[in-house]
Amino acid sequence: MPFGVGRSLADLLRLVVLVVVALVALVVPVLHFDIQRRYLDGNLTTLSLLTAEQLMRQVIARNPELWDYEEGRVTGLLRDELCGVRVRQVIHAEAKGVVAEVGEPPLSPALGHRAPLLDAGRVVGVLETSASLRPLLVDSLLLALLLSVVGAILAALFCRYPLARLRRAEHDIRYLAEHDPLTGLLNRHVVEALFERESARARRHRLRLSIIIFDIDHFKRVNDQHGHDCGDRVLRQLAGLVSRHVRASDYLVRWGGEEFLVLSTHTDLAMARALVEKLRRLVASHDFGLPQSVTISLGVCACSPGDGLERCVSCADAAMYRAKRAGRNRWFEGEGEDSTTEG
Ligand SMILES: Nc1nc2c(ncn2[C@@H]2O[C@H](COP(=O)(O)OP(=O)(O)OP(=O)(O)O)[C@@H](O)[C@H]2O)c(=O)[nH]1
């Protein structure tokens, strides 16, 4: 009968790790692309500001066979990297249109610049520089892929080791908070939340919900006559016995010392009566390894829709005390109309 509420710290941490990995894999490549684009843009601007003379000096130094300089005009082709970037240049002579074009126009998306081409202070044409952004995009996409893979591996390792340890610790803490250490049953701290959940479900599906409270008869005598350890053993045996005979959809709770509560879902009063009688007989006929038999007194209450936990418990509790007063080893139902004794 596992019971857990709320989102765990481990779940929250896992979410944070996934968000961080996704952000890094997204933001770093975008930043990388932006920085590279600015760098390229700066280089194109620098190149556009070259004078014809400077341009010629650089170009001829690199490709002397391709270049020709006549009457202060630049003609010819440049296929090279200037200022560290591969560029396409279209050089216009004054009023003569394009006189030189370098390579194919870059595929879009591309960056472009236009600047006057000067020769000895005279404008001899227009220098256009442009560069494709595709290599940068490819680089950034590869970086995103790399970061995603590395991030996924790190996140998987984190979830497998530190997070798994945290999850186990959380599980242990939750188990201790929700269970009774002696019997392993749920403890009374969880009943409020359980009842809220199950009564909401019962209202939605028009089902009935019953509460049974039972208490071991003269348990003090067991402790006094056979010792506290023997009393503990009886409590553990009783818990195991009853939990094997209630439905998986029922909740068996150690309510206090030698008192137990069953929150029985999908159970109306007729079914609850049958259950309490079954439990009473079961315990009374079980061999706990003691000279005397162990019996229980029970109280049952079929909760009405809208009843709170407190009302249902006090109804079942009052019925159980009536059973004690009436001689023990018997059960009463809430509001106390009926009772039965050992058959
Ligand atoms: N061994 C053991 N005894 C417990 C534990 N919790 C409560 N008890 C004992 O349960 C006994 C309950 O005694 P009482 O409240 O007088 O009830 P009772 O003797 O069962 O008598 P009735 O309930 O009236 O039938 C006390 O002796 C408690 O010490 C526990 O965890 N282990």
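Parameters at a glance
Residues numbered from 1 in each chain as written. Predicted model: local features only at pLDDT ≥ 70, side-chain atom pairs only at ≥ 80, totals over all residues. Near = placed C-beta within 6 Å. Helix = DSSP H or I, 4+ residues; strand = E, 2+ residues; numbered from the N terminus. Nonpolar A, V, L, I, M, F, W, Y, C, P; charged D, E, K, R; others polar. Axes fitted to C-alpha atoms, helices over the stretch in contact; angles between N-to-C directions. Parallel < 35°, antiparallel > 145°, perpendicular 65-115°, else oblique. Contact = placed C-beta atoms within 7 Å. UniProt positions renumbered as here; feature names shortened; annotations may be inferred.

Bringing the site of the ligand into the picture now. Of all residues adjacent to the ligand, which total 16 residues, the nearest are Asp-217, Phe-219, Lys-220, Gly-231 and Gly-257. Contributions of two or more residues to the shell around the ligand are made by strand E10 (209-216), helix H6 (219-226) and helix H7 (228-245). Ranked by residue count, the leading element in the shell around the ligand is H7, at 4 residues. Classifying every residue of the shell around the ligand gives 4 nonpolar, 5 polar and 7 charged.

Packing of helix H3 (residues 134-160) against helix H4 (residues 162-178) leaves a shortest axis separation of 3 Å and a crossing angle of 30 degrees. The angle between the axes of H3 and H4 places the two elements in the roughly parallel class. Note on element contacts: H4 touches H3 through Pro-162, Leu-163 and Ala-164, opposite Phe-158, Cys-159 and Arg-160. Grouping the constituent residues of the contact of H3 with H4 by class yields 5 nonpolar, no polar and 1 charged.

As annotated in UniProt, the feature "transmembrane region" (unreviewed entry) corresponds to residues 12-33 and 141-159 in the numbering used here. Helix makes up 100% of residues 12-33 and strand 0%, with an end-to-end C-alpha separation of 32 Å. Helix makes up 100% of residues 141-159 and strand 0%, whereas the separation of the span's terminal C-alpha atoms amounts to 26 Å.

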